[in-house]
Amino acid sequence: MTTPSAATPSSTAPGQGPAPAQAGAPGGRRMGPVGLVLAGGISVQFGGALAVTLMPRAGALGVVTLRLLVAALVLMVVCRPRLRGHSRTDWGTVIVFGVAMAAMNGLFYQSVARIPLGPAVTLEVLGPLTLSVLASRRAINLVWAALALTGVFLLGGGGFSGLDPLGVAFALGAGAMWAAYIVFSARTGRRFPQADGLALAMAVAAVLFLPLGVLESGTKLLDPTTFALGAAVAVLSSVLPYTLELLALRRLPASTFAILMSLEPALAATAGFLVLDQALATTEAAAIALVIAASMGAVRTQVGRGKAKKAGR
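Here the structure is a predicted model, which means the values were calculated and not measured.

Reading the values: the criteria
- Residues numbered from 1 in each chain as written.
- Predicted model: local features only at pLDDT ≥ 70, side-chain atom pairs only at ≥ 80, totals over all residues.
- Heavy atoms only, no water.
- Helix = DSSP H or I, 4+ residues; strand = E, 2+ residues; numbered from the N terminus.
- Buried < 20%, exposed > 50% of the residue type's maximum accessible area, 1.4 Å probe, protein only.
- pLDDT = per-residue confidence, 0-100.
- Contact = heavy atoms within 4.5 Å.
- Lys, Arg positive; Asp, Glu negative; His and termini not counted.
- Salt bridge = Lys/Arg side-chain N within 4 Å of Asp/Glu carboxyl O.
- Phe/Tyr/Trp six-rings, centres within 6.5 Å; stacked < 30°, edge-to-face > 60°.
- Lys NZ or Arg CZ within 6 Å of the ring centre and 35° of its normal.
- Axes fitted to C-alpha atoms, helices over the stretch in contact; angles between N-to-C directions.
- Parallel < 35°, antiparallel > 145°, perpendicular 65-115°, else oblique.
- Left-handed = near helix turned anticlockwise from the far one by under 90°.
- Nonpolar A, V, L, I, M, F, W, Y, C, P; charged D, E, K, R; others polar.
- Polar contact = N/O pair within 3.5 Å; in protein donor to acceptor, adjacent residues only side chain to side chain.

Caption draft 1: Spotlight on the overall build of the protein. The helix and strand tally for the protein stands at 13 helices and 0 strands. For the protein, the succession of helices and strands along the chain, N to C, is α-α-α-α-α-α-α-α-α-α-α-α-α. Looking at the 313 residues of the protein, the share that counts as buried comes to 51%.

Spelled out as C-alpha coordinates, the structure:
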(Lines give C-alpha, C1' and ligand atoms only; values in the text may rest on other atoms or scores of the structure.)
Protein backbone atom coordinates (compact mmCIF):
# COMPACT_ATOMS: atom_id res chain seq x y z
CA MET A 1 0.00 0.00 0.00
CA THR A 2 0.87 3.60 -0.10
CA THR A 3 2.23 4.76 2.63
CA PRO A 4 3.37 8.08 3.99
CA SER A 5 3.35 9.65 0.58
CA ALA A 6 0.92 12.24 1.80
CA ALA A 7 3.37 13.45 4.37
CA THR A 8 5.99 14.25 1.83
CA PRO A 9 4.57 17.34 0.13
CA SER A 10 3.77 19.09 3.39
CA SER A 11 6.86 18.11 5.34
CA THR A 12 9.46 18.79 2.69
CA ALA A 13 9.86 21.99 0.77
CA PRO A 14 12.04 22.26 -2.35
CA GLY A 15 15.68 22.26 -1.40
CA GLN A 16 15.03 20.59 1.97
CA GLY A 17 14.82 17.04 3.24
CA PRO A 18 17.10 14.09 3.84
CA ALA A 19 19.27 12.10 1.48
CA PRO A 20 17.54 12.76 -1.88
CA ALA A 21 19.74 15.70 -2.79
CA GLN A 22 22.81 13.75 -1.73
CA ALA A 23 22.39 10.20 -2.90
CA GLY A 24 19.52 10.01 -5.32
CA ALA A 25 19.51 13.13 -7.42
CA PRO A 26 21.43 11.74 -10.44
CA GLY A 27 19.08 8.78 -10.73
CA GLY A 28 16.13 11.10 -10.25
CA ARG A 29 17.27 13.26 -13.17
CA ARG A 30 17.57 10.19 -15.40
CA MET A 31 14.14 8.77 -14.59
CA GLY A 32 12.15 11.98 -14.33
CA PRO A 33 9.67 12.81 -11.54
CA VAL A 34 6.72 10.87 -12.99
CA GLY A 35 8.91 7.80 -13.42
CA LEU A 36 10.06 8.11 -9.81
CA VAL A 37 6.48 8.26 -8.51
CA LEU A 38 5.42 5.28 -10.61
CA ALA A 39 8.50 3.34 -9.46
CA GLY A 40 7.59 4.16 -5.87
CA GLY A 41 4.01 2.99 -6.40
CA ILE A 42 5.17 -0.26 -7.98
CA SER A 43 7.57 -0.79 -5.09
CA VAL A 44 4.77 -0.25 -2.53
CA GLN A 45 2.38 -2.71 -4.13
CA PHE A 46 4.96 -5.43 -4.75
CA GLY A 47 6.06 -4.93 -1.15
CA GLY A 48 2.44 -5.52 -0.17
CA ALA A 49 2.34 -8.67 -2.26
CA LEU A 50 5.54 -9.91 -0.59
CA ALA A 51 3.95 -9.16 2.79
CA VAL A 52 1.02 -11.44 1.93
CA THR A 53 3.42 -14.32 1.22
CA LEU A 54 5.13 -13.64 4.58
CA MET A 55 1.91 -13.75 6.62
CA PRO A 56 1.84 -17.56 7.02
CA ARG A 57 5.26 -17.31 8.69
CA ALA A 58 4.72 -14.26 10.93
CA GLY A 59 1.01 -13.38 10.87
CA ALA A 60 -0.48 -10.10 9.71
CA LEU A 61 0.41 -8.23 12.91
CA GLY A 62 3.92 -9.65 12.88
CA VAL A 63 4.50 -8.48 9.31
CA VAL A 64 3.28 -4.97 10.17
CA THR A 65 5.58 -4.92 13.20
CA LEU A 66 8.63 -5.87 11.14
CA ARG A 67 7.77 -3.34 8.44
CA LEU A 68 7.26 -0.45 10.86
CA LEU A 69 10.25 -1.35 13.02
CA VAL A 70 12.76 -1.58 10.18
CA ALA A 71 11.36 1.51 8.44
CA ALA A 72 11.52 3.48 11.71
CA LEU A 73 15.13 2.48 12.31
CA VAL A 74 16.17 3.47 8.80
CA LEU A 75 14.33 6.81 8.89
CA MET A 76 15.64 7.69 12.35
CA VAL A 77 19.22 6.99 11.22
CA VAL A 78 18.84 8.90 7.95
CA CYS A 79 16.85 11.88 9.26
CA ARG A 80 18.33 12.08 12.78
CA PRO A 81 15.39 14.18 14.03
CA ARG A 82 15.92 16.63 16.87
CA LEU A 83 14.06 15.53 20.02
CA ARG A 84 14.35 18.74 22.04
CA GLY A 85 12.71 22.09 21.53
CA HIS A 86 9.24 20.86 20.57
CA SER A 87 6.04 21.93 22.29
CA ARG A 88 3.38 19.65 23.76
CA THR A 89 1.19 20.40 20.74
CA ASP A 90 4.04 19.35 18.43
CA TRP A 91 4.41 16.04 20.22
CA GLY A 92 0.65 15.54 20.39
CA THR A 93 0.41 16.02 16.64
CA VAL A 94 3.22 13.61 15.82
CA ILE A 95 1.84 10.99 18.23
CA VAL A 96 -1.62 11.14 16.63
CA PHE A 97 0.11 10.92 13.23
CA GLY A 98 1.93 7.79 14.40
CA VAL A 99 -1.29 6.27 15.77
CA ALA A 100 -3.03 6.89 12.43
CA MET A 101 -0.07 5.34 10.60
CA ALA A 102 -0.08 2.26 12.84
CA ALA A 103 -3.84 1.80 12.50
CA MET A 104 -3.74 2.30 8.74
CA ASN A 105 -1.06 -0.35 8.25
CA GLY A 106 -2.53 -2.78 10.76
CA LEU A 107 -6.04 -2.64 9.29
CA PHE A 108 -4.78 -2.88 5.72
CA TYR A 109 -2.65 -5.95 6.40
CA GLN A 110 -5.56 -7.60 8.19
CA SER A 111 -7.56 -6.91 5.04
CA VAL A 112 -5.10 -8.40 2.54
CA ALA A 113 -4.88 -11.48 4.74
CA ARG A 114 -8.55 -12.06 3.83
CA ILE A 115 -9.25 -10.51 0.40
CA PRO A 116 -7.15 -10.02 -2.78
CA LEU A 117 -4.70 -7.12 -2.93
CA GLY A 118 -6.40 -5.23 -5.79
CA PRO A 119 -9.87 -5.02 -4.20
CA ALA A 120 -8.32 -4.20 -0.81
CA VAL A 121 -6.44 -1.18 -2.17
CA THR A 122 -9.52 -0.12 -4.15
CA LEU A 123 -11.62 -0.07 -0.99
CA GLU A 124 -8.85 1.62 0.97
CA VAL A 125 -8.51 4.48 -1.52
CA LEU A 126 -12.12 5.44 -0.80
CA GLY A 127 -10.85 7.13 2.38
CA PRO A 128 -8.71 9.75 0.62
CA LEU A 129 -11.37 10.05 -2.10
CA THR A 130 -14.04 10.86 0.49
CA LEU A 131 -11.72 13.41 2.11
CA SER A 132 -11.13 15.07 -1.26
CA VAL A 133 -14.86 15.21 -2.06
CA LEU A 134 -15.74 16.69 1.34
CA ALA A 135 -12.93 19.23 1.16
CA SER A 136 -14.01 20.50 -2.23
CA ARG A 137 -17.79 20.78 -1.61
CA ARG A 138 -18.54 21.20 -5.33
CA ALA A 139 -21.54 19.67 -7.09
CA ILE A 140 -19.31 17.88 -9.62
CA ASN A 141 -17.94 15.81 -6.77
CA LEU A 142 -21.31 14.09 -6.51
CA VAL A 143 -20.45 12.59 -9.91
CA TRP A 144 -17.11 11.32 -8.63
CA ALA A 145 -18.77 9.93 -5.49
CA ALA A 146 -21.38 8.15 -7.63
CA LEU A 147 -18.63 6.65 -9.81
CA ALA A 148 -16.78 5.42 -6.75
CA LEU A 149 -19.93 3.93 -5.20
CA THR A 150 -20.72 2.17 -8.48
CA GLY A 151 -17.24 0.72 -8.47
CA VAL A 152 -17.65 -0.48 -4.89
CA PHE A 153 -21.02 -2.03 -5.78
CA LEU A 154 -19.45 -3.91 -8.70
CA LEU A 155 -16.48 -4.94 -6.57
CA GLY A 156 -18.80 -6.48 -4.01
CA GLY A 157 -20.95 -8.23 -6.61
CA GLY A 158 -23.97 -6.31 -5.35
CA GLY A 159 -23.42 -7.25 -1.71
CA PHE A 160 -19.80 -8.29 -1.21
CA SER A 161 -20.85 -11.93 -1.36
CA GLY A 162 -17.63 -12.74 -3.21
CA LEU A 163 -15.36 -11.05 -0.65
CA ASP A 164 -14.80 -11.79 3.01
CA PRO A 165 -16.96 -9.21 4.88
CA LEU A 166 -14.35 -8.82 7.62
CA GLY A 167 -11.66 -8.18 5.02
CA VAL A 168 -13.88 -5.54 3.43
CA ALA A 169 -14.46 -3.90 6.83
CA PHE A 170 -10.72 -3.86 7.54
CA ALA A 171 -10.01 -2.27 4.13
CA LEU A 172 -12.64 0.45 4.69
CA GLY A 173 -11.20 1.08 8.16
CA ALA A 174 -7.73 1.39 6.63
CA GLY A 175 -9.15 3.95 4.21
CA ALA A 176 -10.58 5.99 7.08
CA MET A 177 -7.19 5.90 8.79
CA TRP A 178 -5.52 6.90 5.51
CA ALA A 179 -7.71 10.01 5.44
CA ALA A 180 -6.73 10.78 9.06
CA TYR A 181 -3.10 10.10 8.13
CA ILE A 182 -3.29 12.72 5.35
CA VAL A 183 -4.72 15.34 7.70
CA PHE A 184 -2.14 14.78 10.44
CA SER A 185 0.77 14.37 8.05
CA ALA A 186 0.07 17.90 6.84
CA ARG A 187 -0.06 19.19 10.41
CA THR A 188 3.13 17.35 11.31
CA GLY A 189 4.86 18.73 8.24
CA ARG A 190 4.07 22.28 9.35
CA ARG A 191 5.50 21.68 12.83
CA PHE A 192 8.64 19.65 12.08
CA PRO A 193 11.43 20.45 9.60
CA GLN A 194 12.23 18.25 6.61
CA ALA A 195 11.16 14.64 7.24
CA ASP A 196 11.75 14.72 11.01
CA GLY A 197 8.05 14.41 11.81
CA LEU A 198 7.68 11.42 9.53
CA ALA A 199 10.62 9.64 11.18
CA LEU A 200 9.27 10.32 14.68
CA ALA A 201 5.74 9.25 13.72
CA MET A 202 7.10 6.03 12.23
CA ALA A 203 8.94 5.37 15.51
CA VAL A 204 5.69 5.95 17.44
CA ALA A 205 3.86 3.53 15.14
CA ALA A 206 6.58 0.89 15.54
CA VAL A 207 6.51 1.16 19.35
CA LEU A 208 2.71 0.88 19.40
CA PHE A 209 2.70 -2.20 17.19
CA LEU A 210 5.62 -4.05 18.76
CA PRO A 211 3.55 -5.61 21.61
CA LEU A 212 0.87 -6.74 19.13
CA GLY A 213 3.45 -8.35 16.86
CA VAL A 214 5.17 -10.09 19.76
CA LEU A 215 1.82 -11.29 21.11
CA GLU A 216 0.79 -12.81 17.77
CA SER A 217 4.12 -14.08 16.46
CA GLY A 218 6.49 -14.26 19.45
CA THR A 219 9.89 -15.69 18.62
CA LYS A 220 8.91 -16.16 14.96
CA LEU A 221 9.91 -12.53 14.47
CA LEU A 222 13.49 -13.44 15.39
CA ASP A 223 13.76 -16.12 12.70
CA PRO A 224 16.51 -14.88 10.32
CA THR A 225 14.52 -15.66 7.16
CA THR A 226 11.34 -14.06 8.53
CA PHE A 227 13.22 -10.96 9.68
CA ALA A 228 15.01 -10.65 6.33
CA LEU A 229 11.72 -10.90 4.42
CA GLY A 230 10.15 -8.38 6.82
CA ALA A 231 13.06 -6.02 6.20
CA ALA A 232 12.52 -6.44 2.45
CA VAL A 233 8.85 -5.51 2.92
CA ALA A 234 9.92 -2.40 4.87
CA VAL A 235 12.35 -1.35 2.14
CA LEU A 236 9.87 -1.98 -0.70
CA SER A 237 6.81 -0.55 1.06
CA SER A 238 8.31 2.32 3.05
CA VAL A 239 11.96 3.29 2.67
CA LEU A 240 12.34 3.10 -1.12
CA PRO A 241 8.99 4.73 -2.03
CA TYR A 242 9.48 7.58 0.46
CA THR A 243 12.90 8.34 -1.01
CA LEU A 244 11.64 8.22 -4.60
CA GLU A 245 8.67 10.43 -3.76
CA LEU A 246 10.88 12.96 -1.96
CA LEU A 247 13.00 13.15 -5.12
CA ALA A 248 10.00 13.47 -7.41
CA LEU A 249 8.21 16.16 -5.43
CA ARG A 250 11.10 18.57 -5.89
CA ARG A 251 10.06 18.92 -9.54
CA LEU A 252 6.51 17.54 -9.67
CA PRO A 253 3.36 19.54 -8.76
CA ALA A 254 1.45 18.07 -5.83
CA SER A 255 -1.68 17.88 -8.02
CA THR A 256 0.07 15.63 -10.55
CA PHE A 257 1.44 13.54 -7.70
CA ALA A 258 -2.07 13.04 -6.29
CA ILE A 259 -3.43 11.94 -9.67
CA LEU A 260 -0.63 9.41 -10.01
CA MET A 261 -1.49 8.09 -6.53
CA SER A 262 -4.97 7.33 -7.89
CA LEU A 263 -3.40 4.55 -9.95
CA GLU A 264 -2.54 2.56 -6.80
CA PRO A 265 -5.47 0.09 -7.17
CA ALA A 266 -4.35 -0.82 -10.69
CA LEU A 267 -0.75 -1.32 -9.53
CA ALA A 268 -2.00 -3.42 -6.62
CA ALA A 269 -4.10 -5.60 -8.91
CA THR A 270 -1.07 -6.12 -11.17
CA ALA A 271 1.15 -7.05 -8.23
CA GLY A 272 -1.51 -9.41 -6.90
CA PHE A 273 -1.76 -11.13 -10.27
CA LEU A 274 2.00 -11.45 -10.88
CA VAL A 275 3.12 -12.38 -7.36
CA LEU A 276 0.06 -13.96 -5.76
CA ASP A 277 -1.77 -15.31 -8.83
CA GLN A 278 -4.85 -13.28 -7.88
CA ALA A 279 -6.71 -12.88 -11.16
CA LEU A 280 -9.50 -10.31 -11.45
CA ALA A 281 -12.94 -10.96 -12.87
CA THR A 282 -14.23 -8.56 -15.52
CA THR A 283 -16.54 -6.84 -13.04
CA GLU A 284 -13.70 -6.41 -10.52
CA ALA A 285 -11.48 -4.85 -13.20
CA ALA A 286 -14.32 -2.49 -14.15
CA ALA A 287 -14.85 -1.62 -10.49
CA ILE A 288 -11.20 -0.72 -10.02
CA ALA A 289 -11.28 1.40 -13.19
CA LEU A 290 -14.32 3.32 -11.90
CA VAL A 291 -12.68 4.05 -8.54
CA ILE A 292 -9.49 5.20 -10.28
CA ALA A 293 -11.54 7.49 -12.56
CA ALA A 294 -13.40 8.89 -9.55
CA SER A 295 -10.17 9.55 -7.67
CA MET A 296 -8.52 11.27 -10.61
CA GLY A 297 -11.64 13.35 -11.27
CA ALA A 298 -11.85 14.46 -7.65
CA VAL A 299 -8.19 15.47 -7.63
CA ARG A 300 -8.54 17.44 -10.87
CA THR A 301 -11.63 19.20 -9.50
CA GLN A 302 -9.75 20.17 -6.35
CA VAL A 303 -6.82 21.45 -8.40
CA GLY A 304 -9.13 23.46 -10.66
CA ARG A 305 -10.75 25.05 -7.61
CA GLY A 306 -7.37 26.02 -6.23
CA LYS A 307 -6.33 27.63 -9.53
CA ALA A 308 -9.62 29.55 -9.72
CA LYS A 309 -9.05 30.93 -6.22
CA LYS A 310 -5.55 32.09 -7.13
CA ALA A 311 -6.80 33.73 -10.33
CA GLY A 312 -9.45 35.63 -8.38
CA ARG A 313 -6.95 37.23 -6.03
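Caption draft 2: How the structure looks around the confidence of the model for the protein. The predicted model of the protein averages 76 in pLDDT, with 73% of residues at 70 or higher. By mean pLDDT, the top-scoring element of the protein is helix H4 (residues 88-112) (92), and the lowest-scoring one is helix H1 (residues 7-11) (37). Contacts of residues 1-29 to residues separated by more than four positions or lying in other chains number 72 contacts, the stretch itself having pLDDT below 50.

Caption draft 3: Representation of the environment of Ala 60 in the model. Following the sequence through the fold, Ala 60 ends up in helix H3 (residues 33-79). Take Ala 60: its relative accessible area is 8%, and that puts it in the buried class. Ala 60 sits 53 residues away from Ala 113 along the chain, and the two C-alpha atoms are 6.8 Å apart. Residue contacts for Ala 60: discarding those within four places in its chain leaves Met 55, Tyr 109, Gln 110 and Glu 216.

Caption draft 4: Main features of the side chain of Asp 196. Structurally, Asp 196 can be placed in helix H9 (residues 196-217). Arg 82 provides the closest opposite charge to the buried, salt-bridge-free Asp 196, at an N-O distance of 6.1 Å.

Caption draft 5: Quick look at the packing of aromatic side chains. Within this structure, the stated rule accounts for 3 aromatic pairs. Aromatic side chains Trp 91 and Phe 192 sit 6.4 Å apart centroid to centroid with 70 degrees between the ring planes, which places their arrangement in the edge-to-face category. Taken together, the residues span a long stretch of sequence, with Trp 91 in helix H4 and Phe 192 in the loop between helix H8 (165-191) and H9 at a distance of 101 residues. Looking at Phe 192, the relative accessible area reads 3%, which means it is buried. Consider the rings of Phe 108 and Tyr 109, whose centres lie 5.9 Å apart with planes at 70 degrees: the pair is edge-to-face. Comparing Phe 108 with Tyr 109 shows no difference in burial state: the two are buried. The ring of Phe 184 carries Arg 187 above its face, with NZ or CZ at 4.9 Å from the centroid.

Caption draft 6: Here's a closer look at the packing of helix H5 (residues 117-124) against H8. Taken N-terminus to C-terminus, the directions of H5 and H8 make an angle of 45 degrees; their axes are 7 Å apart at the nearest point. In this view, H5 runs oblique relative to H8, as classed from their interaxial angle. For the crossing formed where H5 meets H8, the hand is right-handed. For the pair H5 and H8, contact is made by Ala 120, Leu 123 and Glu 124 and by Val 168, Ala 171, Leu 172, Ala 174, Gly 175 and Trp 178, respectively. Partitioning the contact of H5 with H8 into residue classes produces 7 nonpolar, 1 polar and 1 charged.

Caption draft 7: Local environment of the environment of Phe 108. Looking at the element boundaries, Phe 108 is found in helix H4. Since its relative accessible area comes to 1%, Phe 108 is described here as buried.

Caption draft 8: Spotlight on the environment of Ala 146. The topology assignment puts Ala 146 in helix H7 (residues 140-155). Residues Ala 146 and Leu 290, spaced 144 residues apart in sequence, show a C-alpha to C-alpha distance of 9.6 Å.

Caption draft 9: Examining the side chain of Thr 188 more closely. Here Thr 188 shows up in helix H8. Within polar-contact distance, the side chain of Thr 188 engages the backbone oxygen of Phe 184 at 2.7 Å. Residue contacts for Thr 188: discarding those within four places in its chain leaves Thr 93, Val 94, Phe 97 and Gly 197.

Caption draft 10: Broad picture of the packing of H3 against H9. For the pair H3 and H9, interaxial distance at closest approach is 7 Å and the crossing angle is 150 degrees. Comparing their axes, H9 and H3 come out roughly antiparallel. Along this stretch, H3 crosses H9, giving a crossing that reads as left-handed. Residue composition of the contact of H3 with H9, by class: 21 nonpolar, 5 polar and 2 charged.

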